[in-house]
Amino acid sequence: MTPTASVRSLAVLTVLVAALTGGCGAAPDDSPTEQIQDQLVGTWLREYQDEATVVRRILVLEPGGSFLEKSTVTNGETVVAGHEGEGVWLFDGTNLKRHYRRMDGRAPSAPIVPFATFAVRFSSHNEFVGVDNVHKIEVRYRRVADGTVP
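Here's what I pulled together on the structure shown here. Here the structure is a predicted model, which means the values were calculated and not measured. (Residues numbered from 1 in each chain as written. Predicted model: local features only at pLDDT ≥ 70, side-chain atom pairs only at ≥ 80, totals over all residues. Heavy atoms only, no water.)

**Here we look at the nonpolar core**
Counting 15 residues, the largest nonpolar core has Leu-40, Leu-61, Trp-89, Leu-96 and Phe-128 as the members making the most contacts within it. Counting only elements with at least two residues in this core, the list comes to β2 (53–61), β4 (78–91), β5 (95–103), β6 (115–124) and β8 (137–144). Among the elements that make up this core, the one with the highest residue count is β6 (three residues). Those residues in contact with Leu-40, other than ones at most four positions away along the chain, are Leu-61, Trp-89, Phe-91, Leu-96, Val-120, Phe-122 and Phe-128. (Core = buried A, V, L, I, M, F, W, Y, C linked by side-chain atoms within 4.5 Å. Buried < 20%, exposed > 50% of the residue type's maximum accessible area, 1.4 Å probe, protein only. Helix = DSSP H or I, 4+ residues; strand = E, 2+ residues; numbered from the N terminus. Contact = heavy atoms within 4.5 Å.)

**Overview of the pairing of β5**
When β4 meets β5, the two strands line up antiparallel, connected through seven bridges. Considered in β5, the bridge of Leu-90 is made with Lys-97. Count of turn residues in the β4/β5 antiparallel hairpin: three residues, of which Gly-93 carries a positive phi of about 110 degrees. (Pairing = 2+ DSSP bridges.)

**A look at the packing of aromatic side chains**
Within the structure shown, the criterion is met by five aromatic pairs. Both rings, one in Phe-67 and one in Tyr-100, keep their centres 5.0 Å apart while their planes meet at 85 degrees; by these two values the pair is edge-to-face. Pair noted here: Phe-67 is in strand β3 (residues 66–75) and Tyr-100 is in strand β5, with a separation of 33 residues, a long-range link. Ring geometry for Phe-122 against Phe-128: centres 5.6 Å apart, planes inclined by 55 degrees, an arrangement best described as tilted. A relative accessible area of 23% places Phe-122 in the partly exposed class. On the accessibility criterion, Phe-128 (1% relative accessible area) is buried. (Phe/Tyr/Trp six-rings, centres within 6.5 Å; stacked < 30°, edge-to-face > 60°.)

**Thoughts on the side chain of Arg-46**
You can see Arg-46 is positioned in strand β1 (residues 42–50). Sequence-distant contacts of Arg-46, that is, excluding residues within four places in its chain, are made with Val-55, Arg-56, Arg-57, Val-139, Arg-140 and Tyr-141.

**Overview of the pattern of salt bridges**
Taken as a whole and judged by the stated rule, the model has five salt bridges. A salt bridge links Glu-47 to Arg-142; the nearest nitrogen and oxygen atoms lie 3.7 Å apart. One end of the pair, Glu-47, is in strand β1; the other, Arg-142, is in strand β8, and 95 residues separate them in sequence. Among the residues examined, Glu-47 registers a relative accessible area of 41% and is labelled partly exposed. For Arg-142, a relative accessible area of 38% gives the class partly exposed. In this structure, Glu-69 engages Arg-98 in a salt bridge whose closest nitrogen and oxygen atoms are separated by 3.1 Å. Residue Glu-69 is found in strand β3, and its partner Arg-98 is found in strand β5; the two are separated by 29 residues along the sequence. Relative accessible area serves as the criterion here: at 3%, Arg-98 is assigned to the buried category. Among the charged side chains, a network of salt bridges with common partners joins Glu-47, Arg-56 and Arg-142. (Salt bridge = Lys/Arg side-chain N within 4 Å of Asp/Glu carboxyl O.)

Note that every value here comes from positions in space, so none of it alone points to a role or purpose.
Next up, the structure:
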């Protein structure tokens, strides 16, 4: 091999190694996971009815990974229950995962499971469907204005 060929081979090898290792490390800020996580940040309403009982849940997902959830249960015009939870959340590329650190002002304890996990699918920028594959339920959230109360 001539000295010029050796230098050329070394240069090609160096470029190849740089290209292969350049993709290693943290995901860029514009990765699909980061984009969906950014889209999840905000205030969301989940509302459902079972006969005369109406449940409204407000879920606030903060950009730093904390969340606050407030809910009311009404029967007709009467509020029969209210609950509040807070904790941390993350999006793993498929699932919105929440870990409750406080529920109604107290740390959760058995038999309450302080986790909620939903596979997320956006039907529009302002609405997503979450599927709880453990309990076999589907929930729908829609974006609402900050400060909305249940």
